[in-house]
Amino acid sequence: MTAGLKLPPGYNFLQSLWRTYKQVKNPIGTIEESMERFHGTYSVNLGRLNLIATQDPAFIDYVLKVNHKNYYKSKILTQQLGQFLGNGLLTSNGEYWLKQRRLIQPGFHHERIHALFSIIKKTVDDFLKDFPTGPKVDVYPLMNKLAFEIVINTLFNVKIPQEKRDELGSFISETQDFVIRDVRQPYKSWWFKLSGEVDKNLKRAAGARQIIREIIQQRKQSTEKFNDLLDMLLDARYEDIGEPMEEDQVIDEILILVIAGHETTANALSFALYLLANHPHELEKLKSATAGLSLDATVRNEQLSAVINETMRLYPPAWISDRVALQDDHFKGFRIPKDTIMVLFYYGLHRDAQYFDDPADFKPGRFLKKNSDKDKPKAFYPFGSGPRLCIGNNFAMAEMAIFLEEFVSNFTVKATGLKPGVKPLVTLRPDKVFLGVDKL
Ligand code: HEM
């Protein structure tokens, strides 16, 4: 079927080695350069490892949706994360993933997450009580703390002692940092094992699992309903056997939800505040569009969604993703050999002038229904696409809307002239988002 077809144009072995070296130092710039040179799709030849990188929305759609059965998540992240987090939605593939997705998906439907809005609101209100003000406040650590509090409170709608929260929090951030180092420096993996770093993280993981196990056991003894994500996970039954998950499976899924739902949201909110501070007319527009809204109206508010979407267009928290071809395949006349790693470069697509006018500009209005350009292909993938679309997308949009509404009605942010650093790690993490913050 693929005989006679060629790989997309790209780099030979030596060039690929050089590009990979450059990419470790400057991932986004190096990929952007190649995308421009090869018009949006190129191949990389690293001997036994072959990659095709693309920012063509049709190609991305093909991999994630049209022929998704031929593309699994690669081992690069799933295995590294999986050894600490266990086998959950984000780290599994195939039959097991599908079984878990079917089980958990209903818990994230609109009506189920609606019950969580009041928990989110209370968390935001408590958080904003002590929000620091001043001419130069770094909002990233604050957004990180908030996103962590929201995910923990919606998972466990009970009081958890501060030291246990801190232990969970430090496990999550240390694991993330360790996995990033391991993925970026695979040649050091042997050293991480030998030096005891892997063991240290495994021990931490065991501690985190024990905290969650105790919460689950207490919950199982209670007859009360807490209407949180833990109730949802414990109440879910496999369709075929009518049985719930084993305790260890519940723990795996909880750790996955914390890791997947925490840093992504923190990044998006930090960039949103930065962009609003640097576009005061957009901040004003948002304030007047959201004044006095109820909780339900906040979550449905079009201006809030537009600001959040435009932020994630410019700074997609999931800036890149990958899949591995299970069998030979082809697309648009290009050959995709079995085992090829497909690199999906959302960051580049979101800034591609073919799909977005003035792509570097912050213009939330482009996401308002009245301005939608139906002739343009869908080129916006903040939550991925296809069957592995982010399960928490509605939850994430709701929590970000609830925070931003509450924030802009109580505080104002001003630009400091300092641009945040942008760190393309597993997620696109901002570094030092200094803003002037004043109470209204
Ligand atoms: C701004 C916030 C968020 C962004 C940008 C985001 C983005 C994404 C993306 C792009 C994927 C798909 C990855 C891929 O295809 O390789 C994903 C998967 C996932 N996300 Fe999110 N996410 C966010 C928030 C959340 C939240 C709040 C939760 C849960 C509370 C969550 C849970 C998950 C899970 C469990 C998966 C794996 C789903 C599966 O493979 O079946 N995410 N997310």
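Residues numbered from 1 in each chain as written. Predicted model: local features only at pLDDT ≥ 70, side-chain atom pairs only at ≥ 80, totals over all residues. Heavy atoms only, no water.

A. Expanded view of the overall build of the protein. When helices and strands are counted, the protein shows 18 helices and 12 strands. Scored against the burial criterion, the 440 residues of the protein give a buried share of 53%. With 58 positive and 54 negative side-chain charges, the protein shows a separation of 4 Å between the mean positions of the two kinds. (Helix = DSSP H or I, 4+ residues; strand = E, 2+ residues; numbered from the N terminus. Buried < 20%, exposed > 50% of the residue type's maximum accessible area, 1.4 Å probe, protein only. Lys, Arg positive; Asp, Glu negative; His and termini not counted. Charge placed at Lys NZ, Arg CZ, Asp CG, Glu CD.)

B. Structural detail: the packing of helix 7 (residues 117-129) against helix 8 (residues 139-155). Running from N to C, helix 7 and helix 8 point in directions that differ by 145°, and their axes come no closer than 9 Å. Relative to helix 8, the crossing made by helix 7 is right-handed. Facing helix 7, whose interface residues are Ile119, Ile120, Thr123, Val124 and Phe127, helix 8 presents Leu142, Met143, Lys145, Leu146, Glu149, Ile150, Asn153 and Thr154. Of the residues that constitute the contact of helix 7 with helix 8, the class distribution is 8 nonpolar, 3 polar and 2 charged. (Axes fitted to C-alpha atoms, helices over the stretch in contact; angles between N-to-C directions. Left-handed = near helix turned anticlockwise from the far one by under 90°. Contact = heavy atoms within 4.5 Å. Nonpolar A, V, L, I, M, F, W, Y, C, P; charged D, E, K, R; others polar.)

C. Molecular detail of the sheet that holds strand 8 (residues 341-344). Judged by pairing direction, the sheet is mixed, and its 5 strands sit side by side in the order 1-2-8-5-3 without closing on themselves. Strand pairing shows two members of the sheet lacking a second neighbour, strand 1 (41-46) and strand 3 (71-72), which therefore form its edges. Here 2 bridges tie strand 3 to strand 5 (residues 321-325), and the two strands are oriented antiparallel to one another. Pairing of Tyr71 across the sheet is with Ala325, part of strand 5. (Pairing = 2+ DSSP bridges.)

D. Examining unusual backbone geometry more closely. Although it is not a glycine, Asp339 adopts a positive phi angle of roughly 75°. Tracing the backbone shows Asp339 in the loop between strand 7 (334-336) and strand 8. The exposure class assigned to Asp339 is partly exposed, which follows from its relative accessible area of 49%. Backbone geometry at Asp358 places phi at a positive 40°, although glycine is not the residue there. Residue position: Asp358 is located in the loop between helix 17 (346-350) and helix 18 (393-410). Since its relative accessible area comes to 40%, Asp358 is described here as partly exposed.

E. Region of the structure containing the coordination of the iron atom of the ligand. Counting protein donors around the iron atom of the ligand gives one, Cys390 (SG), at 2.3 Å. For Cys390, the location among the structural elements is in the loop between helix 17 and helix 18. (Donors = N, O, S within 2.8 Å, 3.2 Å for Na, K, Ca; no water.)

F. Seen up close, the site of the ligand. In the vicinity of the ligand, 27 residues are found, and the nearest of them are Trp97, Arg101, Ser321, Arg323 and Cys390. Within the side chain of Trp97, an N or O atom sits 2.7 Å from an oxygen atom of the ligand. Note that an oxygen atom of the ligand is positioned 2.7 Å from one of the side-chain N or O atoms of Ser321. Of all elements in the fold, only helix 5 (94-104), helix 13 (247-278), strand 5 and helix 18 reach the threshold of two or more residues within the shell around the ligand. (Near = heavy atom within 4 Å. Polar contact = N/O pair within 3.5 Å; in protein donor to acceptor, adjacent residues only side chain to side chain.)

G. Spatial organisation of a nonpolar patch on the surface. A cluster of nonpolar side chains, Phe13, Leu14 and Leu17, forms an exposed patch at the surface whose accessible area comes to about 300 Å². With respect to the secondary-structure elements, Leu14 resides in helix 1 (residues 13-25). (Patch = residues over 30% accessible without salt bridge, like charges linked within 9 Å, V, L, I, M, F, W, Y side chains within 5 Å. Areas by Shrake-Rupley, 256 points an atom, 1.4 Å probe, with all protein chains shown as cover. Salt bridge = Lys/Arg side-chain N within 4 Å of Asp/Glu carboxyl O.)

H. Focus on the layout of surface pockets. Of the voids in this model, the second largest pocket is the one considered here, and its volume is about 810 Å³. What lines the second largest pocket is a set of 30 residues, among which Phe356, Arg366, Phe367, Ser372 and Phe380 lie closest to the centre. Looking at the lining of the second largest pocket, the element that brings in the most residues is helix 16 (residues 302-314), giving 4 residues. Class assignment of the residues belonging to the lining of the second largest pocket gives a composition of 13 nonpolar, 9 polar and 8 charged. (1 Å grid on protein atoms, 1.4 Å probe; cavity = no way out; pocket = protein on both sides within 12 Å on 5 of 7 lines; lining within 4 Å. Points joined across faces, edges and corners; volume = space filled by probe spheres on them.)

I. The arrangement of the pattern of salt bridges in detail. Tallying each qualifying case throughout the model produces 27 salt bridges. The salt bridge involving Asp252 is made with Arg209; its shortest N-O contact spans 2.8 Å. Linking Asp252 in helix 13 with Arg209 in helix 11 (residues 197-221), this pair joins segments that are 43 residues apart in sequence. There is no split in this pair, since Asp252 and Arg209 are both buried.

J. Structural view of the packing of aromatic side chains. Going through the model one piece at a time under the given rule, you end up with 16 aromatic pairs. With 5.2 Å between their ring centres and 85° between their planes, Tyr11 and Phe38 make a pair best called edge-to-face. You can see Tyr11 sitting in the segment before helix 1 and its partner Phe38 sitting in the loop between helix 2 (27-37) and strand 1, a full 27 residues away along the chain. Under the relative-accessibility criterion, Tyr11 is labelled buried at 6%. Taking relative accessible area as the criterion, Phe38 reaches 12% and is therefore assigned buried. Ring geometry for Phe407 against Phe411: centres 5.2 Å apart, planes inclined by 15°, an arrangement best described as stacked. Note on Phe407: relative accessible area 1%, which makes it buried. What makes Phe411 buried here is its relative accessible area of 2%. Chaining the aromatic ring pairs together yields one cluster made of Phe127, Phe131, Phe403, Phe407 and Phe411. Residue placement shows Lys136 over the ring face of Phe434; its charged tip is 4.5 Å from the ring centre. Geometry around Phe356 places Arg313 over its ring, the cationic atom sitting 5.1 Å from the centre. (Phe/Tyr/Trp six-rings, centres within 6.5 Å; stacked < 30°, edge-to-face > 60°. Lys NZ or Arg CZ within 6 Å of the ring centre and 35° of its normal.)

K. Quick look at the sheet that holds strand 9 (residues 411-414). Strand order across the open sheet formed by 3 strands is 4-12-9, with antiparallel pairing between neighbours. Only two strands of the sheet have a single neighbouring strand rather than two, namely strand 4 (134-138) and strand 9. Taking the axes of each pair of neighbouring strands and ignoring which way they run, one obtains an average angle of 45° across the sheet. Where strand 9 lies against strand 12 (residues 434-439), 4 bridges are found, and the strand directions are antiparallel. Bridge pairing in strand 12 places Lys414 opposite Gly436.

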